[in-house]
Structure formats: structure tokens, C-alpha cells
Amino acid sequence: MRNLKLQYCKEGTTGIRNARQLLLQPDFGHKDKELTYVVTDDKIYAISETGDVEEEPKIIADVPNIVGAEYLPLSDEICVATADGEVLLINAVSLEINDGTYCDVGIECMAWSPNQEVVVFITKAKNVVVMTCNYEVLGEQPLDAELTTDQQFVNVGWGKKETQFHGTAGKQAAKQSPQFQPPQDVHTLPQDIHIAWRGDGAFFAVSYVASNVGRTFNVYDNEGKLQHMAEKWNGMQSALTWRPSGNWIAVPQIISNKSTVSLFEKNGLRHREFELPFDLQTESIVKLQWSSDSDILALQTATADGQRIYLYTIGNYHWYLKQVLVYNPDDPLAFFHWSSGREHTLHVLLESGKRYVYRWNLAVDRFQNMVCVIDGKRVLLTDLYKAVVPPPMCQYTLEQDSYINAITANSHHLCLYSSEGVMHFYDPSGLPNPPVVKTFVLPPNEKLPQIGQLANLTQLKAKNKLLATQSVGNKTHILLLKDNESENRSYSIESRQIIDGTVNAIAEGIDGNVFVHTINNGQILEIQLTDSSLKSSRLIHQLSQAADYMDFGFFERPRKDAQKVSASGLVTLRSQQLLHIDGQRIDEDVTSFIVAEDYVIYTQLNALHFVDLWDRRKIASRSIERGAKLVMHAQDARLVLQLPRGNLEVIYPRVLLLRLIGSLLDASLYREAMLMVRKHRINLNIICDHNVEMFCSKLNVFLAQMHDSQWLCLFLSELQNEDYALNMYASNYKTSQQHYPVDYQVDRKVEYICGLLCGLMEQATSPEDVARFRLPIITSYVKLGKLEQALLLIWQHKQTDAQLADQLLKYLLYLVDVNELYNVALGTYDFGLVLFVAQKSQKDPKEFLPYLNELKSLPLDYRKFKIDEHLKRYDRALTHLAACGSEHYNLALDFIRQHNLYKRALAIYQDQADIHGRICVAFADHLRANAQLETASIMYERGGQLQQALLSAKHTLDWQRVLNLAQRSGESLEQIASSLVTPLQQQDRHLEAFELLKQFTKWSGEPPLQVLIDGHLYGRAIYEARLLDEDLAVDLLGKSKCLIT
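Residues numbered from 1 in each chain as written. Predicted model: local features only at pLDDT ≥ 70, side-chain atom pairs only at ≥ 80, totals over all residues. Heavy atoms only, no water.

## So, the overall build of the protein chain
Helix and strand counts for the protein chain come out as 28 helices and 55 strands. Out of the 1045 residues belonging to the protein chain, those deemed buried represent 51%. Here the contacts in the protein chain between residues at least 6 apart in sequence split such that 46% fall between residues at least 24 apart. On the protein chain, roughly 49600 Å² of surface is accessible, and the fraction owed to carbon and sulfur atoms is 46%. (Helix = DSSP H or I, 4+ residues; strand = E, 2+ residues; numbered from the N terminus. Buried < 20%, exposed > 50% of the residue type's maximum accessible area, 1.4 Å probe, protein only. Contact = heavy atoms within 4.5 Å. Areas by Shrake-Rupley, 256 points an atom, 1.4 Å probe, with all protein chains shown as cover.)

## A closer look at helix α10 (residues 774–783)
By the criterion of burial, α10 is predominantly enclosed, with eight of the 10 residues buried. Among all positions of α10, only L775, P776, I777, I778, T779, S780, Y781 and V782 are buried. Close packing links the buried residues of α10 with α7 (709–718), α8 (749–762), α9 (767–772), α11 (787–798) and α12 (802–815). Positioned one or two residues after α10, G785 has a phi angle of 80°, which is positive.

## Considerations on the packing of helix α16 (residues 860–870) against helix α17 (residues 874–882)
Contact geometry for α16 and α17: axes closest at 8 Å, N-to-C directions at 165°. Accordingly, the angle class assigned to the pair α16 and α17 is roughly antiparallel. Where α16 crosses over α17, the handedness of that crossing is left-handed. Listed contacts from α17 to D861, Y862, K864, F865, D868 and E869 of α16 are Y874, R876, A877, H880 and L881. Looking at side-chain class alone, the contact of α16 with α17 contains five nonpolar, one polar and five charged residues. (Axes fitted to C-alpha atoms, helices over the stretch in contact; angles between N-to-C directions. Parallel < 35°, antiparallel > 145°, perpendicular 65-115°, else oblique. Left-handed = near helix turned anticlockwise from the far one by under 90°. Nonpolar A, V, L, I, M, F, W, Y, C, P; charged D, E, K, R; others polar.)

## Focus on the sheet that holds strand β13 (residues 137–142)
Taken together, the four strands give an open sheet; going across it, the order is β10-β11-β12-β13, and neighbouring strands pair in antiparallel fashion. In this open sheet, the two strands that pair with only one neighbour each are β10 (107–112) and β13. Each neighbouring strand pair of the sheet contributes to a mean axis angle of 15°, computed without reference to strand direction. Note that strand β11 (residues 118–123) and strand β12 (residues 127–132) share five bridges and pair antiparallel. By the bridge assignment, V119 is partnered in β12 with M131. (Pairing = 2+ DSSP bridges.)

## Regarding the pairing of strand β34 (residues 414–418)
For β34, the buried fraction is high: five of the five residues fall into the buried class. As defined by bridge partners, strand β33 (residues 404–409) adjoins β34 across five bridges and the pair is classed as antiparallel. In the sheet register, I404 faces β34, and the bridge partner there is S418. Hairpin geometry of β33 and β34 is characterised by an intervening segment of four residues between the two adjacent antiparallel strands. Both β34 and strand β35 (residues 422–426) contribute to a ladder of four bridges, which runs antiparallel. Bridged to L416 within β35 is H424.

## With respect to unusual backbone geometry
Backbone geometry follows two general trends: most residues other than glycine have a negative phi, and most peptide bonds adopt the trans configuration. For the bond running from P391 to P392, omega is 10°, close enough to zero to count as cis. Its place among the elements puts P392 in the loop between β31 (378–383) and β32 (396–399). Its identity as a non-glycine residue notwithstanding, S256 has a phi of 50°, on the positive side. Residue placement: S256 occurs in the loop between β19 (249–255) and β20 (258–264). For N900, which is not glycine, the phi torsion reads 55° and is therefore positive.

## Structural notes on the sheet that holds strand β50 (residues 599–603)
Hydrogen bonds between backbone groups are what pair the strands of a sheet, and the pairing can be parallel or antiparallel. Taken together, the four strands give an open sheet; going across it, the order is β49-β50-β51-β52, and neighbouring strands pair in antiparallel fashion. Here the strands that pair on one side only, and so sit at the sheet edges, are β49 (592–596) and β52 (618–623). For this sheet the average axis-to-axis angle between neighbouring strands, irrespective of direction, equals 20°. Taken together, the five bridges between β49 and β50 define a ladder with antiparallel strand orientation. Residue pairing in the sheet places A596 in a bridge with Y599 of β50. Against the sheet, helix α2 (residues 654–666) makes contact with β50, β51 (607–612) and β52, and its axis sits at roughly 160° relative to β50, the strand it touches most.

Have a look at this one:
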């Protein structure tokens, strides 16, 4: 769906008349002085690359009867073949002429292989001679030589025409087999011979006139061996070209009174053809040639009224006529030649010596959601927002009387620029039959040498004016065109700006500025545009590589303070190479790009990437089919790509979807956002996580727009305690942009959102809202873990509307496992509700009815105890068991021990002294078994077991508590204190051991100061000794000094 966009048409003059061939040097632009060689019938000229008219062309050789020439870059020589049979080598520097080889019978034509390793000569004796680059003969044979027997076509009967489908032609077409009719007089046919090499240099084809067949062609290998002969067909023309990619040999042919270009395979069989828009009998094809990348097929035709060049491309097996170049018969076309060094660059020389250099790129013409495809005199229009129509089909078609070369559009008009220089303006709102608003033509202008093809034709967005470029020499004229409705419906040049270099891309900015890119030096200039003039230019970016494509992206969005913030960027692309935004390198090996709101989307070989226009950050990537290129971005976040074979693929990238959903949520359009989320399977959490604060403040709006209760249920059921904006969908969100309510926590999001929504839904009073919110309320109860409330609500409806209750319970069973719901119903102690739920389950009545009957026979409190025990709600079961009375004390003790409910039991039985003491003792046993002796001692004391409390306290060495318990139990304090001394010393608690001995034991003789000395408490020992006896202290002091030393 790409058109040929003319980047520039550089006009110059060589001063050489009747040129026949152009020789271009490779590595164009890498030398200080580039030379281009022009070959006439008897001379070879060298001219500058610019074709400056002030510089006279230099004759480097005067050779008569030239039939072919080739520039050989490895030796920097020009190989020239003459009709007399001479092959000469001309040194491009010294101009010395040397003999290469010689053919005594004369040479008809010459053609070098693309790699210049082999050269082919056709002699006037109709022999094919193949030589190496050193002119050693590889093979020679006559043109009319026949294939050997093993090379002949073999028909085994497969795929007969009689058995094939013939479409609208019907069955009769199967019976009509066109018979080859040999020409009666082959001498009347044009006798010229053409040679075409395949791109890899392995094969070449020769078109000639055979005596018994007429016009045909043979296929040879690069050693001169005949490999294939063309299938016999009438109506073949002399021109011939082989596609560089190698799949087709193109030959003009008249078939069944139709003018076509037939495409033959390497084996000579006709593969397919495409019909031409003219008659080959009145407008013959002089030359065919493919561009070096096999994208464009150029046809040069000649009539009595002038010459034309038709440019064809192929997509999805359909041949599109993209452009027609028309030349005046007063200055006829001499020849054209595709450049092998520059992509899609065509050199054209006229008989007068004028020279034009055209360069195109393949780009999509789009406006709004419409894609425009040029096909001859038609424009194929498809609104990809409404329907994705596979090419070559389309939604709408615009027909013209002349061939269409370019399309440009703004929001108001669609402009078609024809090959005759006429501009037709349409109102696209009137499709499928849009009215012609106006038609204008651009007349000749004295300020320019010649108004030829306008390049970079751009219709301005806000003004009824156009911009175009015209290149002359090394300068480019930026033209501001204005319509003159009162002057014969013509366009005039209102203003122009001359720029050094060749401009190949234009992009309109904002605030009246235009950006232009010069291919010579990779500079981007900004030109100010006023109502009637172009102001001076200034350099804004210098690229490391010259670009082929340029577009300006601009996006605005509002802020909370009602102001607007904007993001903009000038995006440039070097074809198949570097992508820049405002001169900043983004990526390499880029094949296509498009600006979609605040994103720059670009493709590589098999990947699709998204760059944020705000901070130039790559935010997302995804895989695509190999070789796919971007076509358009539609309003509903769809992205249309075209695959290499031509068919379309539509995807909805998550980044664009989230951008669209976010804009809907910002506008509080929750219903539209819900439709998008459900359609494209985006997680529903994004509805609240996009802006939690805003969502919580507009819950009433959200509920009012959710007319379908199923939508609310789906939203509530998918809520998770996670911020999806910062996790799953972090490509579109930043942490700094998130806004939460004051009391909001992400890990409690479900509880928070469900609680707010449930509270609002429960407050509904209108019958419609009450009915609409029944299921969502049940869903919110489930998300909040309030299954019992959900069941009680359904049971409440059961009393008034049994059918409604059945529906509600059926829905609840979709959310909750039936066994879990049965247990919840059993926990309500309402056997009617239990039976209501059990009837909807797969449980066998023989299983649950006996159990329910058994429970019914029990006392109420004991029944609740058994139910809670069954449901493992042990705390609640113990409460009900306590209410059963003293006869169940033993069961309660066993239950407490089994489920470790000591603390709960102490609270429940605190007013029942008998059982409370037993619980304390049981708890103390449990604590002692787990080595919690201090707590166990306290519990033994509360349970009246002082001996056990004393024993546990002794193990903890809490001697104050031990002595207290010993005094209460009537034990001997002296004995108890003595028993604690040794354990205290073992724990290095010597001072406490001394105090026990001092206060609670009777001693005679020397006091128990040895305990202090063992603990190295010398100061305290001396102090205690002085209190008792001065001499004892002196003696003890002496002992301590000895111990220290």
C-alpha cells in the first residue's frame, strides 16, 4: 500500500546531444571530484556529477560506431565495444587507449555481468561469445543453436488446461488453446538484439529474432552454455530485462489483442503477465529495466506525441502503475538508467543534453484513517478504521482522465497531482463520490529554469496552500504555492526560499514552521512560514547519516491545573538503518516508523518497538512477522502492518490499548473503557489502578454506567491486591503519576474497593438498581470473605421469592466450591439453609441427612458445639461447650488439651472455679512440657498446686519466688535456701548465693565469705569481714592479694 514519493527531481544539463549511454562511478559521493561518463555514437564525455551548465564536457575518447560501453571500477577503465569488432580499454585518468580484444566479423552488442567477471558479445554473425574479464574465451555458439534432447521440455500431462479453473471465462476457455503461428516473413521484424543479466551473474538472457520462431530469447549460463529456450509465443517484443532478484524475465508481448508485459521463468516458461494501459502497436516499449533492488520496473515508451516512462511496483500479486514521467516531443528522451549505488534513483538524459536525476522512496499516503494507493489513473481508498480490505481491493475508487503521480491531503481536501501537472482537489467527506472542489495547473515560471515534476508536494494543514521543492544544480527552491481562482484556475508561486544542497524531505511543524532535510550533508533546517512568505532558515539538527524519511510528532494533554503540556519530536529515518528523534539516535536497522499520538512506533526485521515521545524511552517491544512494515495507526488503537507478500495484518498493541483506555478513564467514560478492556482481554484491575484516587471519588459514576450487572460482577471478581499499573502494565505508567487515597493500601485493595462498592450498592433504593446490584453485592461478599452474609442474603430472598433465591444460589455456586458453601451454611446452625444448599450440590442425601438428623436430636448448645467442631472452629466450639454445663467438664478438658485452647478456656471458664483450677493445672503441665517453667509455676500457683509451683520456680532459680512459695507451703526456709546456693553459684550468681546464706542459714566460726571469694567479689568480702572482725579482715585481705598475684 505504498506509493512512490518523489524526494527530488534534480535538473541539470550536460551540453551533450544525442547521448546513448550513461556510466556512473560506484561509491558515489566519496571522492573529492566525481565524474560521470556519457557515451554517444562516436564519443565519450566526462562531466561533473552536478551537470553544471557552465562547465564544458570533456571529450576523453573519440571512437566511431560505439555499440556498448562499461565502466570498470577495479581498473578505473572504460571498456568500449564498436560495431567494427574492436574492444578498447580507456584509462579514466591518463586517457590512454589499449586494445582489449577484437572480433573480425563485428560486434552487435556487449553486456558485462553485474560482478564484472564475465562479458558477453553478440557478433554480427549471430554468435554468442562469452569471455572472462581478461578476455579469455569461455564459450561460443550460434544464437539459433538447439537444445540437446535431455534439455527439451517434457509434458507428462499434469496440470492440463482442460482441467483447470478459468473463472469468468467459463468452460469454453478450456477448449480454446492458442496455437503458435510462425511469422511468415521474419525479415520484416525489428532485428535488434538485447542482453539481460540476472542479478547474481550466474545466467543471462538474449532476445533475438529466430528464423523459424520469430522474436524469442535464450537463457545461457555464465560460461556461455545454452540452458533454456523460451516457450514459443506470438507477439513478443524486442525489449527484455531480468529482475535482479532472479525470479522473472520481463518481455513486452501482445496476447489475444491485449498489450501486456509477460513474465517468464528461467526455464523459458511464461509465468504470468500484467496488462498495460496502452496499445503496444501505437506506443511501443523501447526499454525495460528493473531498479537495483527489484522494487520498481521502468518502461520507456515512444509515440508520435512524445516519450513516457512508466514506473510499476508489485504487491500481493498485483502490478500498480505508480508514476508516469512525460517528455515533450520537442526535446525527446534519449535514454534512462537506474543507479546501482543509490536506491530508487533514476537518471534521465534528453536528446538536447538536459539531465534529470529522480529519486523516490516508498511511503504510505494517509489522511485521517484513510490510506490512498495510486494505480495508474485510479486512486484506491480504504478507511482502515471501518474495514481492513486486503489489497489490491479497496473501499472506494477515484478515477482520473490522466495518470496520477502524487497525493497530498489535509483535514479538508484531498489533492491529486497528475503527470500533466494538474492538481485536482476533492472533498473526502463526500465519499464514495466526492465532489471536485477545484482544479488548478501550475504554469511555467520565469524565476525557474523549468517547472518539471514537483517533489515533496505537501498540502499545509491550516492553510489552503501547498509546499513543494524544485532542485536545480546544487540548490533547491522551496516553493510556497497559492491558488489564483480568478486567473484561469492556476497556481502561482507566492514565495520561495533557496537552500544550498538537495532537499529530499519536508515535514510541517506547528506555529507556522516547516522542517526541510538536505541529503548532501544530513542537515535539518527550520523555515518560518507566514501567511504569504517563507522566512530565513536556521540549522536545528545535524544527523550522522542523511535521512530518507521525516515526520513531525506533536501531542498535547491537560494537567490538573487546566493547563496543557505538550510533547513533540522530529523523527527521521535512514532507510533500513538509523532512526533519530530530534537528532538523538534511537535505534538501527529500522525498516519503517509511524507517529501515533505520543508514541513513535517503528519496526525492525521481526520486531515492533514503542518509544515514548515525552522522554525518548523505549517502553515496549513485541515480535511481528518477518519483514512486516507499518501502514497506519487508527483511532481504536489498531495498528495495520503490511507483510512482504502484500497482505495486511491488524494488531492491537497493548501500549496503544492502555493509552486509549487511560484517556477514556480520565474522561470518566467507564462504559466505553469496560468495552475496550473486555474486547481486548486487558485485566480489569486497570480500571481502578489507572487512577485510584479518581476512581474512588467517582464510584457513583462508575456504578451508574455499568448497566449490566455481569460487568460489575466480572470487575469485582478480578480484583487483586496488586497495582497492575505499576506491574503488569508498567510500560504506560510511572510511580510518580500514581495517586492513592489517604487510607488506601495496595495490599488491602480488594477489601477497600469492595467495601466502598458494596456500601454504595446496599444503599440503592430504586427497584431497578436493587435488582441490578443483587449479584454484584453477592460477589463483593465473596471477595470480602463474607460467605455467611451472602448466604443469609440469599436465604432472606428465599422467604419472598424462591425462584430468585435459586438463581442467586446458582450464581454463588459459580464463585465458591459447593463443599465450602455447604460448610458455611452448616455454620449458620440453620438446617433449612443447609438443606437449601445441599440440594444444589452433588452430595448424596444418604450422606448428609443422617448427620443432620443426628444433630437435630442434640441439645442446642451441644449441637452448636458438634457443628463447630466439625467445621474446625474450635474457639467457637469451646464457647458452646462451656454453655452445656458441668456435666461436660471432662469433655471440655480433653477438648482443650487436644486443640491447645488453654488461653481461650481460661477466659471462658473464669467464673467457674472448679473447672478453672483444673484448666490452670492442665495449662501448667503443657507449659512445663514445653520448658516454659516460669509461666508454668504461675499457672500451678493459680491452680492451687504449690508444690509443683515451687518445683518449677526452683528450676528457674527465682529464689525470691521460691522462698515465697516455701513460706506459703510451710517448707523450711533454711533448707530451701541452702538447696539454692549451689545452683546459683553454678550460674555465677555468687552475690545472691551469699545473701541466701547470710539471711536464711545459721553459721558458726568463719562466715560464708568463701562464696564471695569464689565469685571474685573481693571488695564485698573485705567489707563483710570488717563488719564482723578487724583481724579477720586483715587476714582475708592478705589471702586476696595472694590470689590476685
